[in-house]
Amino acid sequence: MAAPASIKTFESRMDRGMKMKDEEKLYKRDGIIYSTIMSPPENLDALKDFEGREDDVFLVAYPKCGFNWMVAIVKKIINASTGVTVPERPPIIEFYPPQLQQVVGKEPSRRLLGTHLPPNDIPESFKAKKTKMLVVFRNPKDTVVSYYHFMNKNPVLPKTASWDKFFSDFMAGEVPWGSYFDHALAWEKHMDDPNVMIVTYEELKENPPEGIKNVADFFSFPLTEDQVMKITKETTFNAMLESSKNSHGNFGNVFFRKGEVGDWKNHFNEAQSKQMDEEFQKKLAGTKLSAKMKYDYYCQ
Ligand code: A3P
């Protein structure tokens, strides 16, 4: 069977990455690092005119917080609730070349869209239309570990010099899409916004059926208990790793690594753990987002 067009595009981007020099793979725009292949400047320029809709299903996450897991869950929610099959392509709008943005602009509602961009860089129209946004966060210690492995496995990104170097780059916000803490602080301001729902990777791991039900309710897609249980079964880490051969071609293992909470303990030294604790304390202590993340429970 021929591979779906989305996989072909994906694989050709990976192929481009394999031929490109590491030092050409990233560029900086307004102080933030982006991938030359996935989000070149013309994509970001065109996004300024991208028309968000009130009924778009919009997913947001800082990289490596569980975005692809949530995308898989929401695709299945939409399909179970409405019978509609969502297009195979990744929903990340900054990966869409201007021409594809035009095509998506003409597609029927309800569209599944998403981004790794922080709230201030999300196209204005989504804010004007009060589009509902589901934001996935993950504890920063597991996020940086996941990011480190992703950099080394994904050919569109440059290899890291070492774990220690990547850790310090992450702490300085010198990684693609910028600082985890800046994203968290920006979303903290939306904790009481009724159009924004923040969920954490850890709570989804703790109780997937409840998480799936909450997501479906937030976007007003009614589901039966049986549908919730079926989606739970189909979106476990192992089930998704298995089906990644269809969804991600030969690159499934780039996106599905361990799928666990607490792998940071196998990577951090004491000084790094202390540095992260202090930064978290300085930036997010006492915030509603920090309470939601249960930092002390998952990161100590
Ligand atoms: P690890 O590298 O810790 O394994 P993103 O999709 O935002 O890039 O996030 C990737 C992380 O989500 C990876 O974490 C990946 O393994 C994990 N992940 C993907 N699918 C998952 C699932 N079904 N259940 C749990 N974790 C999953």
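Shown above is the structure to which this text applies.
Here's a quick rundown of the structure. Along each chain, residue indices are assigned from 1 in the same order as the chain's sequence is written. Local features are withheld for residues below a pLDDT of 70 in this predicted model, meaning they are given only at 70 or higher, and side-chain atom pairs are given and counted only at 80 or more; totals for whole chains, interfaces and linings count all residues. Heavy atoms throughout the structure, all of them, feed into the side-chain values; hydrogens and water do not.

Let us now look at the site of the ligand. Inspection of the region around the ligand gives 18 residues, with Lys-64, Ser-146, Tyr-201, Lys-258 and Gly-259 positioned closest. One of the backbone N or O atoms of Gly-66 is found 3.0 Å from an oxygen atom in the ligand. Contacts to the ligand include Asn-68, whose side-chain N or O atom sits 2.9 Å from an oxygen atom. Computed with the Shrake-Rupley method and a 1.4 Å probe, the accessible areas treat only the protein chains shown as cover for residues. In the complex, 98% of the free accessible area of the ligand, which totals 570 Å², lies under the protein chains. Elements are defined by DSSP. Helices are runs of H or I of four residues or more, strands are runs of E of two residues or more, and each kind is numbered from the N terminus. Within the residue set of the shell around the ligand, elements represented by two or more residues are helix H3 (67-82) and helix H12 (237-247). Being near a molecule or strand, for a residue, comes down to having at least one heavy atom within 4 Å of it. Nitrogen and oxygen atoms within 3.5 Å of one another constitute a polar contact, given that in protein one can donate a hydrogen and the other can accept it, and given that sequence-neighbouring residues count only through two side-chain atoms.

Looking now at H3. Take the number of residues in a helix, subtract one, and multiply by 1.5 Å to get its expected span. For H3, built from 16 residues, the straight-helix expectation of 22 Å at 1.5 Å per residue is met to within 8% by its first-to-last C-alpha distance of 22 Å. Whether a residue is buried, partly exposed or exposed follows from its accessible area with a 1.4 Å probe, protein chains only, as a fraction of its type maximum: under 20%, in between, or over 50%, in that order. Buried within H3 are the following residues: Phe-67, Trp-69, Met-70, Val-71, Ala-72, Ile-73, Val-74, Lys-75, Ile-77 and Ile-78. Taken from the residues just after H3, Gly-83 is the one with a positive phi, measuring 85 degrees.

As a further point, take the sheet that holds strand E5 (residues 133-137). Read from one edge to the other, the open sheet built from 4 strands follows the order E4-E3-E5-E6, with strand pairing classed as parallel. What marks the edges here is a single partner per strand, and that holds for strand E4 (112-115) and strand E6 (196-200). Put simply, the sheet's adjacent strands are angled 25 degrees from each other on average, direction ignored. Strand direction decides the pairing type here: strand E3 (residues 57-61) and E4, joined by 4 bridges, are parallel. Bridge pairing links Leu-59 to Gly-114 in E4. Should any heavy atoms of two residues lie within 4.5 Å, those residues are considered in contact. Interaxial angles span 0 to 180 degrees and are taken between N-to-C directions of axes, which are lines fitted to C-alpha atoms, for helices over the stretch in contact. Those strands touched by helix H8 (residues 180-188) are E3, E5 and E6, and its axis lies near 140 degrees from that of E5. In this scheme, strands are said to pair when DSSP sees at least two bridges between them.

So far we have only geometry, and geometry alone does not tell us how the molecule works.
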